[in-house]
Amino acid sequence: MNFLRSWAILPAWGEVMTLKDLNKITSEFNNTVKMPALFLGHGSPMNAIEENEFVEGFRKIAAEIPKPSAILCVSAHWETRGTFVTAMENPPTIHDFGGFPRELFAVEYPAMGSPDLAYEAKSIITKTEVGLDDKWGLDHGAWSVIRHMYPEADIPVIQLSLDYYQNAQYHYELARELRSLREKGVLIIGSGNMVHNLRMVAWQQLNDTFGFDWAIEANEKMKHFILNDDHKSLIDYDKQGKAFDLAIPTPEHYMPLLYALAVKDQREQATLFNDKAVGGSLTMTSLKIG
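Residues numbered from 1 in each chain as written. Predicted model: local features only at pLDDT ≥ 70, side-chain atom pairs only at ≥ 80, totals over all residues. Heavy atoms only, no water.

Right, let's talk about the environment of Gln269 for a bit. Secondary-structure assignment places Gln269 in the loop between helix 11 (255-262) and strand 9 (270-273). Expressed as a C-alpha distance, the spacing of Gln269 and Ile289, which sit 20 residues apart in the sequence, is 5.9 Å. Among all residues touching Gln269, those that are not within four sequence positions of it are Lys264, Lys288, Ile289 and Gly290. (Helix = DSSP H or I, 4+ residues; strand = E, 2+ residues; numbered from the N terminus. Contact = heavy atoms within 4.5 Å.)

Laid out in structure tokens, this is it:
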């Protein structure tokens, strides 16, 4: 019995629920070796079907870490009013983009969902009431990278939404409450881009390793803050000057970085990979924690 069904029928039989029943429901996510956490610069949706160094980086990092029992992904592409978590058993593959080849729209990533993990996430987050969603699925911020890491689609995946009404400090504090999931076999992935300004992309150089001066400046400062555990400066990204203003014109692609950093323990190290700029105003910089 999954958590979602258990929650739905609880009023009818809660008075007779035994400790054995509760243990059965919560046994799905037992303590394991602590999983790392990742921030993945996902870049163009075309990375889902292209072969390039960034795709190779996603595969390499998956081979280096333990295989997770489930994945919780915070994607730049699911913004909501309030906080929600996908709770369906079979999340659809969402093609939330336009103007790309038919081949990209044909991609399906048939990973199972996990109502159990959805309820677990809901239960440990106290900063806000988390809604259980049965309509969203997996957007390209999630499946375009996860399909390279786990091409067999044999690991359950859920998504946690970004409340676009809340500031960076709020998101960081909410993410801190997810830390215990790492000890239950759950891989937490933030998917976005540290530098992401589509209005200033040099489209003719989208496939080139190239960054404008301000993009390189912002990315280098972000990496300095990350490697020195200066999370406060990253939370206060809007106080870091003109280069940051250009790098983060809107926060949705930046916030998933804070979710990955927030679940980091003080003794853990952050390791950078895929650390390159493309198209002038995007960086693919990614990191592994733990």
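Now, onward.
Counting through the fold element by element, Phe97 comes out in the loop between strand 4 (83-86) and helix 4 (102-105). On the basis of relative accessibility, which here comes to 15%, the residue Phe97 falls in the buried class. Linking Phe97 and His140, residues 43 residues apart in sequence, is a C-alpha distance of 8.3 Å. Ignoring sequence-local partners within four residues, the contact set of Phe97 consists of Pro45, Leu104, Phe105, His140 and Trp143. (Buried < 20%, exposed > 50% of the residue type's maximum accessible area, 1.4 Å probe, protein only.)

Our next topic: the sheet that holds strand 12 (residues 286-289). Strand order across the open sheet formed by 6 strands is 6-2-8-1-12-9, with mixed pairing between neighbours. Two strands bound the open sheet, and with one partner strand each, they are strand 6 (157-159) and strand 9. When strand polarity is set aside, the average angle formed by the axes of neighbouring strands in this sheet is 20 degrees. Across 4 bridges, strand 9 lies against strand 12 in antiparallel orientation. If you follow Phe273 over to strand 12, its bridge partner there is Ser286. Contacting strand 1 (37-41), strand 2 (70-75), strand 8 (186-192) and strand 12, helix 11 runs over the sheet at an angle of about 160 degrees to strand 1. (Pairing = 2+ DSSP bridges. Axes fitted to C-alpha atoms, helices over the stretch in contact; angles between N-to-C directions.)

What sets the pattern is the α-helix's 3.6 residues per turn: residues three or four places apart point alike. Compared with the 16 Å implied by 1.5 Å per residue over 12 residues, the 16 Å span of helix 3 (residues 53-64) between its first and last C-alpha is a close match. If you check which residues of helix 3 are buried, you get Phe54, Val55, Gly57, Phe58, Ile61 and Ala62. Along the long axis of helix 3, the arc covered by the buried residues comes to 155 degrees, so they all point the same way. In helix 3, the exposed residues that point more than 90 degrees away from the buried face are Glu56, Lys60 and Ala63. Looking at the buried positions of helix 3, the neighbouring elements they touch are strand 1, helix 6 (140-149), strand 9, strand 10 (277-278) and strand 12. The N-capping residue of helix 3, defined by a side-chain oxygen 3.0 Å from the backbone nitrogen of Phe54, is Asn52. (Expected span 1.5 Å × (residues − 1). Arc of directions from axis to C-beta. Polar contact = N/O pair within 3.5 Å; in protein donor to acceptor, adjacent residues only side chain to side chain.)

Moving on to the environment of Phe54. Mapped onto the elements, Phe54 comes out in helix 3. For Phe54, a relative accessible area of 8% corresponds to the buried category. With 230 residues separating them along the chain, Phe54 and Met284 place their C-alpha atoms 7.6 Å apart. In this view, Phe54 contacts Asn274, Lys276, Val278 and Met284; residues no more than four positions away in its chain are not counted.

Both the distance between ring centres and the angle between the ring planes are used here to describe each pair of aromatic rings. Using the criterion set out here, one finds 9 aromatic pairs in the structure. Note on Phe97 and Trp143: the rings are 6.4 Å apart at their centroids and 55 degrees apart in plane angle, and the pair reads as tilted. In this pair, Phe97 is assigned in the loop between strand 4 and helix 4 and Trp143 in helix 6, connecting sequence segments 46 residues apart. Side by side, Phe97 and Trp143 carry an identical accessibility label, which is buried. Judged by centre distance (6.4 Å) and plane angle (55 degrees), the ring pair of Phe225 and Phe244 falls under tilted. (Phe/Tyr/Trp six-rings, centres within 6.5 Å; stacked < 30°, edge-to-face > 60°.)

Per the counting criterion, the structure on display carries 16 salt bridges. With its nearest N and O atoms 2.7 Å apart, the salt bridge here joins Glu120 to Lys184. With Glu120 in helix 5 (residues 115-124) and Lys184 in the loop between helix 7 (168-176) and strand 8, the pair connects residues that are 64 residues apart, well separated along the chain. A salt bridge links Lys223 to Glu220; the nearest nitrogen and oxygen atoms lie 2.8 Å apart. With Lys223 and Glu220 both in helix 8 (residues 213-227), this residue pair falls 3 residues apart, about one helical turn. Three or more residues joined by partner-sharing salt bridges are found here, namely Lys34, Arg182, Asp265 and Glu268. (Salt bridge = Lys/Arg side-chain N within 4 Å of Asp/Glu carboxyl O.)

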